[in-house]
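Inside the fold
Listed here are the chains, written in short residue letters.
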Amino acid sequence: FFFLRIRRPPRSTQSRSSAASDVYKRQLKDSSWGGGIELDILSRHYQVEICAVNIETADYLIFGQGNNFKKRIYLIYDGIHYDIVIRNIYEEMEKETDMTVFDTDDECALNGTVYIAMDLKNKKQYTNLGSFSIKCNECFKGLKGQTEALEHSKQTGHINFVQIDQ
């Protein structure tokens, strides 16, 4: 039996490894983080499958599948961030023994990652950017989703928001 858990790696900037349109570059720089396109590029660049499991739906996509890559990493997506899944024999063991790269045929790793996502879903540990409730911490106005928050910020200059339970 192995312990699977997630760990948020330190933030770093990652540039795209293939030529992209100027419009896409500006959009990524100005208003969003990387996603599926970047995962596919990274998969091909590092020649490793990347399995991204969405907490909200417990569905997964495997980038690089069909390219005969021998290794796979697992990411859990909470609606905002991708966190890496690690495996260790004992939860208390040193970080140096953590596994983050698995064989592509390791069904335990896949099933364990989906299990983690389902557990986090039951605990409501995800954010739906289109429908989550948010409050401006400057004027206390209630808003719905990132679109309303961005519009409010543009109109008022307010930038301090907190997610609220509804």
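Structure: see above.
This write-up is about the structure you can find in this document. (Residues numbered from 1 in each chain as written. Predicted model: local features only at pLDDT ≥ 70, side-chain atom pairs only at ≥ 80, totals over all residues. Heavy atoms only, no water.)

**As for the overall build of the chain**
Applied cut-off: Put simply, DSSP H or I for four residues or longer makes a helix, DSSP E for two residues or longer makes a strand, and each gets a number counted from the N terminus. Here the term buried applies to any residue with accessible area under 20% of the maximum for its type, exposed to any over 50%, and partly exposed to those in between, with areas from a 1.4 Å probe on protein chains only. Whether two residues are in contact is decided by their heavy atoms, any of which lying within 4.5 Å being enough. Only the protein chains shown count as cover for residues, with accessible areas throughout obtained via the Shrake-Rupley method and a probe of 1.4 Å.
When helices and strands are tallied, the chain shows 4 helices and 9 strands. Along the chain, helices (α) and strands (β) appear in the sequence β-α-α-β-β-β-β-β-α-β-β-α-β when read from the amino end. The buried share of the chain, taken over its 166 residues, is 33%. In the chain, the proportion of contacts linking residues at least 24 apart, taken out of those at least 6 apart, comes to 53%. A total accessible area of about 11,300 Å² is found for the chain, and carbon and sulfur atoms account for 51% of it.

**Focus: the packing of aromatic side chains**
How we decide: Stacked, edge-to-face and tilted labels apply to pairs of Phe, Tyr and Trp rings (six-membered ring for Trp) whose centres lie within 6.5 Å, assigned for plane angles under 30 degrees, over 60, and everything in between, in that order.
In the structure shown here, the tally under the stated rule is 2 aromatic pairs. Ring centres 5.6 Å apart and planes at 65° place the aromatic pair Tyr 74 and Phe 102 in the edge-to-face group. Of the two residues, Tyr 74 is situated in strand S4 (residues 71-77) and Phe 102 in strand S6 (residues 102-103); the sequence distance between them amounts to 28 residues. Its relative accessible area of 0% is what places Tyr 74 among the buried residues.

**Examining the nonpolar core**
Here is the rule: Only buried Ala, Val, Leu, Ile, Met, Phe, Trp, Tyr and Cys residues count toward a nonpolar core, and they belong to the same one when joined by side-chain atoms within 4.5 Å.
Within the largest apolar cluster, 14 residues are counted, with the highest numbers of intra-cluster contacts made by Cys 51, Tyr 74 and Ile 76. Element by element, the count of residues in this core is highest for helix H3 (residues 107-122), at 6 residues. Grouped together as the second largest cluster of nonpolar side chains are 9 residues, Val 48, Ile 50, Ile 84 and Ile 86 included.

**Describing the pairing of S4**
Heads up, the condition is: For two strands to be treated as a pair, DSSP must find no fewer than two bridges joining them.
Judged by how many residues are buried, S4 sits mostly within the fold: 5 of 7 residues are covered. Where strand S2 (residues 49-54) and S4 come together, 6 bridges link them in parallel fashion. The partner of Glu 49 across the bridge, within S4, is Arg 72. The pairing of S4 with S6 spans 2 bridges and is antiparallel. If you follow Arg 72 over to S6, its bridge partner there is Phe 102. Relative to strand S5 (residues 82-88), S4 runs antiparallel, the two being bridged by 3 bridges. Counted as the bridge partner of Leu 75 is Ile 84 from S5. Linking S4 back to S5 in an antiparallel pair, the connection comprises 4 residues, with Gly 79 at a positive phi of about 100°.

**So, the side chain of Ser 43**
As a reminder, the rule being used: The term polar contact refers here to a pair of N or O atoms within 3.5 Å; inside protein, the definition further demands a hydrogen-donor-capable atom paired with an acceptor-capable atom, and it admits residues adjacent in sequence only when both atoms are side-chain atoms.
The residue Ser 43 is located in helix H2 (residues 36-46) in this model. The buried category is assigned to Ser 43, whose relative accessible area is 0%. At 2.7 Å, the side chain of Ser 43 forms a polar contact with the backbone oxygen of Val 48.

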